[in-house]
Every structure is written in structure tokens, then in C-alpha cells.
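Fold and contact review
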Amino acid sequence: MSLNTPHALPSYLSKHELGPWGTYLEQVERVTPYLGHLAKWVETLKRPKRSLIVDIPVELDNGTIAHFEGYRVQHNTSRGPGKGGVRFHQDVTLSEVMALAAWMSIKTAAVNLPFGGAKGGIRINPHNHSRGELERITRRYTSEIGVIIGPNKDIPAPDVNTNAQTMAWMMDTYSMNEGATTTGVVTGKPISLGGSLGRVEATGRGVFVVGCEAARDQGINIEGARVVVQGFGNVGGTAARLFQEAGAKVIAVQDHTACLHNSNGLDVLSLLKHAEEHGGIAGTPNAEAISHDDFWALETELLIPAALEGQITARNAPTIRARIVIEGANGPTTPEADDILAANGTLVVPDVLANAGGVTVSYFEWVQDFSSFYWTEAEINHRLEAMMRSAYASVASVAREHGVSQRTAAFITGCSRILEAREVRGLYP
Ligand code: NAD
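Now for a description of the structure that goes with this document. All values reported here derive from a predicted model rather than from experimental measurement.

Before going further, it helps to examine the packing of aromatic side chains. Scanning the entire structure with this criterion turns up 9 aromatic pairs. For the pair Phe115 and Tyr363, a centre-to-centre distance of 5.7 Å together with 90° between the ring planes defines the contact as edge-to-face. Remark: Tyr363 occurs in helix α11 (residues 357–371) and Phe115 occurs in the loop between α2 (94–110) and β4 (117–123); sequence separation between them is 248 residues. Exposure remark for Phe115: the relative accessible area of 1% places this residue in the buried category.

Here is the structure:
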């Protein structure tokens, strides 16, 4: 890996501050040999197009003034405007935002959406602030990054600790500064402000669609197939319900409160109701509580990590007896675990493909905002399914052609599309 070369490292990051950006650079190094003549342009992927650091001064409820640091990074916009969430977290760093922006470039290109990749964040613990303070912080941040965002430039969306309300404040602030209501500047908005039907379930539905495609590839019939799901929130809960509706047997679910198992199949709707009423699945009837170790070692056709990053590691990967892992979460499998799963013949459908349903429906939201013409939920789901199927087919075909994992194939597909655009656009001036 050539991190020592002067070109790989932006001057504002020391080698010790690389963090997730270092991981991303290593992934690009790994796919470079597969990029053919486009490898000439690969340096483009190793530097963000724009990185903006902003100061956010606000008056707190107690009358004192606080300053927060905010970021917006546009990693690449060769194929279209930047797209990516805004994260509120006390540990957010520029390096992390750069890596998340770069992974958005790969994801939008791998799924063939006409977007680049971007990401934003504020170094703040939102749980320490009132709603009024969060609104003022969000509005000042939006105003500060207003010079580089816009419906044709860069379109933020919710991420960790931000939601539809945050997007409504961002949309309003941008619109006030522009002097015109501009719904298309953010996605993930409330439906009443031009949000899209189907957005809430989109990521879980995408996981379900690529899961069905991968199962078909492996000669597995979804009807009667066993499914194990870690994380029972927006992504995991939706995916579990859709698999059950399709005739699969969800035999185990894990959330932060429990691991539950029933070899005849859990009742997903009861689990969802229980989790909503009690804040977790622990205590749902007709299910046996099992240990974390037993959960990971269950024999199953499909295993869906949909909770956090770094859940499948060198420690539990050797015990996994799943035919297919579908990554609902971002980064749930460590590189060492990836190698172990591959050696044991488990197919891994990578996050940049498997959880791209959310950004795909964000794309639909943006298109609807532009045309001011809103689609039905059935139309949204139909188009989402078509795009996810086609994305799966193209990644699976590249994987077969080069004899590589679907993760490497998704990177080859994404990087090639970005660099093709770079090449035909040429350099200005
Ligand atoms: P969520 O908050 O709705 O649900 C998270 C679930 O994970 C909950 O059931 C929680 O109990 C469980 N969980 C938390 N800590 C856990 C632990 N230590 N062990 C086991 N389970 C634990 O979140 P979500 O929106 O479903 O997101 C899940 C993952 O999917 C995240 O990695 C997220 O980045 C990724 N993702 C989400 C979207 C989206 O549209 N929501 C899009 C792309 C990727």
C-alpha cells in the first residue's frame, strides 16, 4: 500500500490521523489492478474534491456562547451532485467524514445513481442539547455550508442522530437564504415537505431484494429458507418482515436487549410490536433466549447483520454457518472476517450494494421534488426493486468475470464508473 507516496495523503491529515480514510485508501489500492486504462485516473479517488470545515457559534439556552466544528466533504462529483448524510456525533472527525463521503461515491456509482459522494457532520453530542439549541446549530451549520450545497450541487440527508426534522430545518434555512422554497436541497424530509413515500422502509426492502437475488444465484429457494437477523430497527425489522412475507423462516433475531431463537420460525410481527412497546425484543413470547455465541453459530441460509459496524470479526467468523451474508449495516464485517467467510464458502453481499436502497429512494425523492410530481408507494417500490436487481446483476457479473468477491466487484464497478466519467469530462482547464 502506497500511503507513503506524497500523492495519497492530503497535507491536512498526518499519517496518524488517517483512521477510516486509511481503510478507504487501502480498498482503492486493492481494486486498482482491475481498473485497466482507467488506473491512470485513480489518484482522483484518493483525494476529496472539496473539504469544508466550518465554525458554528450559537447562543445556548443559558445565555452562554458555544462553538462547534462542522464539516461537509464532497468526495467526488464527476457523475452528478454530491449525495450523503449529515451526522451529529461527538467523535466525528474530518478523516471519518472524508471516508464516509468516499464510500457514498462508490455506493452511488455501484448502483448507477446519477450522484457523486458527499458527507457532513458536526462534532456534538446532540443528547446534551435542547431542541431549540439543536435547531439553531443545524440552521447555522446549513448557512455556513450553504456555499457548496444545493439541489444541483450537493444534497444532504439524515444520518446518525439526525432525522426528518433536521432535514426540514436545513431545507427551510437554505430556502430562506436563497429567497425561494427549495425542497430538493435535502432528502429524507417529512412527507409534508416533499419527502418520498417508501423512504422509511427503503433500505430494508433493498436488503430483501438483493437477498432474494443472491439466494437465487446460490440455488436457494426463499420459501422455507432460514433467515437470521442482527439489529431489529429500521433496516433489520423491515428486512425480516419482508422475508417472512415471502415465505422464509426467520429463526433468530438479535437486538441490543436479547438474542431470540425459534427453529420453527419467530413471529416477526409480534417481535416488531413487542420491540415498539418495550424498546427491544427481550421478553417476546414463543421464543427462546440464546447466547451471542450461539446466535452467530446458527445454521442458516441467510444471515443479515443490520445493527452496527464491526460485528463479524475474526473471532466469530469461523463459527458462522450461513450460505449468504447480506450486509444491511455499514461495515459490519472486518477484512479478516471477510477472508474467513470466503474461505468457508459463504457469499457476502457487501454494504455498498446491499444497503443502497435508502439512497436509491433518496434519489427518487430528489427527482419528485424537481418535477413537483409525486409517485405512489407502489411505484416507488417497483422502481426500487428494478434498480436493486439490476445493481446486483452487474456486481455479480463483475465478480464472476474477475473471480473476486462481490465487495471487490462493487468497488471495481463503482470506481470504474467514476473514473470513466472523469476521463470523458477531461481536466479543466
Ligand atoms: P436503528 O437505530 O433503527 O436500528 C438499530 C438496531 O440495532 C436496533 O434494533 C438496535 O437494538 C440494534 N443494536 C444496537 N446495538 C446493538 C448491539 N450492540 N448488538 C445487537 N444489536 C444492536 O438503525 P437502522 O437505521 O436500522 O440502521 C442499522 C444499520 O444500517 C446501521 O449500520 C446504518 O448505518 C445502516 N444503514 C441504515 C440505512 C437507513 O436507511 N436506515 C441506510 C444505509 C445503512
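On we go.
Here the focus is the side chain of Thr360. Within the secondary structure, Thr360 is located in helix α11. Residue classification places Thr360 among the buried positions, given a relative accessible area of 0%. Setting aside anything within four residues of it in sequence, one finds Thr360 in contact with Val111, Leu113, Leu384, Met387 and Met388.

Over its 19 residues, helix α5 (residues 199–217) extends 27 Å from the first C-alpha to the last, a length consistent with the 27 Å expected when each residue adds 1.5 Å. Of all bends in α5, the biggest is about 25°, found at Arg205. Extensive coverage of α5 is indicated by the burial of 14 of its 19 residues.

Attention now goes to the site of the ligand. Around the ligand, 18 residues are found, and the nearest of them are Thr203, Phe232, Asn234, Val235 and His256. One of the backbone nitrogen or oxygen atoms of Gly233 is found 3.2 Å away from an oxygen atom of the ligand. Taking Asn330, its side chain carries an N or O atom lying 3.2 Å from an oxygen atom of the ligand. Expressed as a share of its isolated accessible area of 830 Å², the protein-covered part of the ligand is 68%. Secondary-structure elements contributing two or more residues to the shell around the ligand are α5 and α6 (234–245). Looking at side-chain class alone, the shell around the ligand contains 6 nonpolar, 10 polar and 2 charged residues.

This part covers the sheet that holds strand β5 (residues 154–158). The strand order across the open sheet built from 5 strands is β1-β2-β4-β3-β5, with neighbouring strands paired in mixed fashion. Two strands lie at the open edges of the sheet, namely β1 (50–59) and β5, each paired on one side alone. This sheet shows a mean twist of 25° between the axes of neighbouring strands, independent of strand direction. In this structure, β1 lies alongside strand β2 (residues 65–76), joined through 10 bridges in antiparallel fashion. In the strand pairing of β2, Glu59 is matched with Ile65. With respect to the sheet, helix α3 (residues 131–145) is in contact with β1, β2, β3 (82–89) and β4, its orientation differing from that of β1 by roughly 145°.

What counts, and at which threshold
Residues numbered from 1 in each chain as written. Predicted model: local features only at pLDDT ≥ 70, side-chain atom pairs only at ≥ 80, totals over all residues. Heavy atoms only, no water. Phe/Tyr/Trp six-rings, centres within 6.5 Å; stacked < 30°, edge-to-face > 60°. Helix = DSSP H or I, 4+ residues; strand = E, 2+ residues; numbered from the N terminus. Buried < 20%, exposed > 50% of the residue type's maximum accessible area, 1.4 Å probe, protein only. Contact = heavy atoms within 4.5 Å. Expected span 1.5 Å × (residues − 1). Bend = angle between axes of the 7 residues up to and from the residue. Near = heavy atom within 4 Å. Polar contact = N/O pair within 3.5 Å; in protein donor to acceptor, adjacent residues only side chain to side chain. Areas by Shrake-Rupley, 256 points an atom, 1.4 Å probe, with all protein chains shown as cover. Nonpolar A, V, L, I, M, F, W, Y, C, P; charged D, E, K, R; others polar. Pairing = 2+ DSSP bridges. Axes fitted to C-alpha atoms, helices over the stretch in contact; angles between N-to-C directions.

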